[in-house]
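Spelled out from the first residue to the last, the chains are:
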Amino acid sequence: MIEETFAYGSSVMHRIDPRFRVVFATIFSFVAALSTRFPALIAALILSVLLLCMARLNLLKVIKKLMAAWGFILLLWLVLPLTVKGEPLFSVGPLIFTRPGIILSLQITLKSNIILLAYIAMITTMNLATLGHSLKRLRVPDKIIHLFLLTYRYIFVIEQEYYRLVWAIKTRGFRPGTNRHTYRTYAYIVGMLFVRASERANRVHQAMICRGFKGRFYSLSKFSVMRQDWLWTSFMSLAMIVLVILEWINI
Amino acid sequence: MHISEGVLSGPVLASGIALAAAGTAIGLKRLDYDRIPHAAILSAAFFVASLVHVPIGPSSVHLILNGIVGLLLGWGAFPAILTALLLQGVLFQFGGITTLGVNTTIMALPAVICYYLFGCMIQKKSYIAYISAFACGFISVFLSAIMVGAALMFTQESFLGIAAAVIIAHLPVMIIEGVVAAFCVAFLKKVQPELLPGFSGSINS
């Protein structure tokens, strides 16, 4: 089932104005993604962990989410140290592990974890409607916001519809396997989802017109900037400057 | 199919963002406000359908379906896939702020290309339609895999091994996507042909 695991809470992070969180999550992600030097990366990792502490999330669940990204990183560790050319560091039998390969793998590992942690701490701690409204306040084009909020609204409905179809085929004794019948059944389910989605879209559109939809979504949650928001903003700005300095100067 | 964060270099990320922004701008221009609920709910359907796990031998793969999204939405595939990726990032905690541009382009550009290549063939006689639907599903995933490979290669030449692995690993996915696309188009032609491009008959609703 699709759910917003971290969206609700009362931590410091949950209470900071979502617009600031979106802005700094974006800036921080890019700063981290473009850093290459280890002092900067380690400082960024510390900042990520700090942000995570501010969000007070269930650590076990966070690690579970991180593990999804570790699969690809593991693949990199299996391939890069052996294939990147350069000064050999050590060898195990015929396998030669090169220094640049290991450095590259380490950089990527750090970067993906930093960015993902920061993202979990800052973005997944708001619900998607709030995210949509804060993107709107940040001047993201209206049509994208409409698309975003409506898609969010209907994902859960369509998911229900999908499970209904799955129950229907299961009660008729469908057993998936690697054969033509299985693929056809799944294709028909997908097709049926599209058909139902399009019919629903027509009804939704008609209902929206009937209720005088004027092309605006109203938000009940007010965005008001408090002192703690400015405090957090100054802290984050300072941290970003430090990270950029650590990346650019040679110590 | 998506690239995780922290892997790609600045120039690759920037070109991904530029391409995605251009595609999304065209897509939004062609999508007027009356069509937005339609695009949004199809985008939700695309999101859910990509959770479908199809068995292949002892393991299973999830559907990508960008070919069919291309057929159903044309240039609208760009904004629809962008939204779906944004939602995925939050709902499954994938992240993906820096790679949003690259990943949108990887999925949506092949969708639009397939729309232009095969959109006009779908309403033709059944066997032509089915063959082009298969090609549409197959080629859209193939192009996506190539673009993943290219993004990795432009970042660092030593990614060649991984890029090749990505493309080879997706070969069975391409075949499955082709088969599913062919059956799906056959189904839509029977049930609701006006969803597919090039439909000229009267709409009975």
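Quick caveat: nothing in here was measured; it's all calculated off a predicted structure.

Student: Give a description of the interface of chain A and chain B that names residues and reports values.
Tutor: If you look at the interface, chain A gives 68 residues, while chain B gives 71 residues. Carbon and sulfur atoms make up 81% of the surface buried where chain A meets chain B, a total of about 6100 Å² over both sides. Per-residue buried area on chain A facing chain B is highest for Lys143, Leu147 and Phe194 of chain A; these three make up 13% of the total on that side. The interface formed by chain A and chain B includes 0 salt bridges. For the pair chain A and chain B, the interface holds 8 residue pairs in polar contact (both at pLDDT 80 or more). Among the elements of the structure, α2 (18-34), α4 (59-83), α5 (99-122), α6 (128-137), α7 (142-171) and α8 (180-210) of chain A are those that each provide at least two residues to the side of chain A that touches chain B.

Student: Would you mind going over the nonpolar core in detail, with residue names and values included?
Tutor: Residues and elements named next belong to chain A. Counting residues in each nonpolar core, the largest one holds 153 residues, and the members touching the most others are Phe28, Leu51, Met122 and Trp232. Per element, the largest residue contribution to this core is 15 residues, and it comes from α7. Structurally, this core is a two-domain feature, drawing no fewer than three residues from each of domain 1 (12-126 + 223-248) and domain 2 (141-210). If we skip the residues at most four places from it in the chain, Trp232 touches Met13, Ile16, Phe20, Arg21, Phe24, Leu51, Met54 and Met122.

Student: For a nonpolar patch on the surface, give the residues involved together with the corresponding values.
Tutor: Residues and elements named next belong to chain A. Nonpolar side chains collect at one region of the surface, where Leu82, Leu89, Phe90, Val92 and Leu95 lie side by side and expose about 420 Å² of accessible area between them. The dominant element in the nonpolar patch, judged by the number of residues it contributes, is strand β1 (residues 88-92), at 3 residues. You can see Leu82 is positioned in helix α4. Accessibility expressed as a relative area gives 34% for Leu82, which makes it partly exposed.

Student: Give me the lowdown on the packing of aromatic side chains, citing residues and values where you can.
Tutor: All names here are of chain A. With the rule as written, the count across this model stands at 12 aromatic pairs over all chains. An angle of 50° between the planes, with centres 5.3 Å apart, marks the rings of Phe20 and Trp230 as tilted. Taken as a pair, Phe20 in helix α2 and Trp230 in helix α9 (residues 227-248) lie far apart in primary sequence, 210 residues in all. Judged by relative accessible area, Phe20 falls into the buried class, the value being 15%.

Student: Describe the packing of helix α3 (residues 66-73) of chain B against helix α6 (residues 126-155) of chain B, with residues and values.
Tutor: All names here are of chain B. Orientation of α3 relative to α6, taken along the N-to-C sense of each, is 115°, at an axis distance of 7 Å. Between α3 and α6, the crossing angle belongs to the class labelled roughly perpendicular. Packed against α3, whose contacting residues are Asn66, Gly67 and Leu71, the element α6 presents Cys136, Ser140, Val141 and Ser144 at the interface.

Student: Explain the packing of α8 of chain A against helix α2 (residues 36-49) of chain B to me, using residue names and the numbers behind them.
Tutor: Between α8 of chain A and α2 of chain B, the shortest axis-to-axis distance is 8 Å and the interhelical angle comes to 150°. In terms of axis orientation, α8 of chain A runs roughly antiparallel to α2 of chain B. You can see that α8 of chain A and α2 of chain B cross each other, and the crossing is right-handed. Each of Val190, Leu193, Phe194, Ala197, Ser198, Arg200, Ala201, Val204, His205 and Met208 of chain A in α8 of chain A lies in contact with α2 of chain B, whose residues at this interface are Pro37, His38, Ile41, Leu42, Ala45, Phe46, Val48 and Ala49 of chain B. For the contact of α8 of chain A with α2 of chain B, the per-class residue count stands at 14 nonpolar, 3 polar and 1 charged.

Procedures and definitions
Residue numbering note: each chain is counted from 1, following its sequence as written. Written order determines the labels here, with chains lettered from A and ligands numbered from 1. At least 70 in pLDDT is required for a residue's local features to be given in this predicted model, at least 80 for side-chain atom pairs to be given and counted, and no such filter applies to totals for whole chains, interfaces and linings, which use all residues. The side-chain figures draw on all heavy atoms in the structure; neither hydrogens nor water molecules are used. Residue contacts follow a heavy-atom distance rule, with two residues in contact if any of their heavy atoms lie within 4.5 Å. Here the buried area means the combined drop in accessible surface, using a 1.4 Å probe, for two parts upon being joined, counting both sides. A pairing counts as a salt bridge when a side-chain nitrogen of Lys or Arg comes within 4 Å of a carboxyl oxygen of Asp or Glu. We define a polar contact as two N or O atoms separated by no more than 3.5 Å, with the added condition that, inside protein, one atom must be a possible hydrogen donor and the other a possible acceptor, whereas residues neighbouring each other in sequence contribute only through side-chain atom pairs. Strands here mean DSSP runs of E at least two residues long; helices mean DSSP runs of H or I at least four residues long; both are numbered from the N terminus. What is meant by a nonpolar core is a set of buried Ala, Val, Leu, Ile, Met, Phe, Trp, Tyr and Cys residues, joined one to another through side-chain atoms within 4.5 Å. Three labels apply to residues, based on accessible area from a 1.4 Å probe with only protein chains included: buried if under 20% of the type maximum, exposed if over 50%, partly exposed otherwise in between. Delimitation of the domains relies on an automatic or database domain assignment. Patches in this entry comprise residues that are over 30% relatively accessible and not in a salt bridge; like charges within 9 Å are linked, as are nonpolar side chains (Val, Leu, Ile, Met, Phe, Trp, Tyr) within 5 Å. Note on areas: Shrake-Rupley with a 1.4 Å probe; residue coverage comes only from the protein chains shown. Classification of ring pairs uses Phe, Tyr and Trp, with its six-membered ring standing for Trp, and accepts pairs whose centres are within 6.5 Å; under 30 degrees between planes counts as stacked, over 60 as edge-to-face, and the remaining range as tilted. Throughout, an axis means a line fitted to C-alpha atoms (over the contacting stretch in the case of helices), and angles, computed between N-to-C directions, take values from 0 to 180 degrees. An angle below 35 degrees is read as roughly parallel, one above 145 as roughly antiparallel, one from 65 to 115 as roughly perpendicular, and any other as oblique. Crossings are assigned a handedness: left-handed for a near helix turned anticlockwise from the far helix by less than a right angle, right-handed for a clockwise turn. Three categories are distinguished: nonpolar for Ala, Val, Leu, Ile, Met, Phe, Trp, Tyr, Cys and Pro, charged for Asp, Glu, Lys and Arg, and polar for the others, with Gly belonging to the last.

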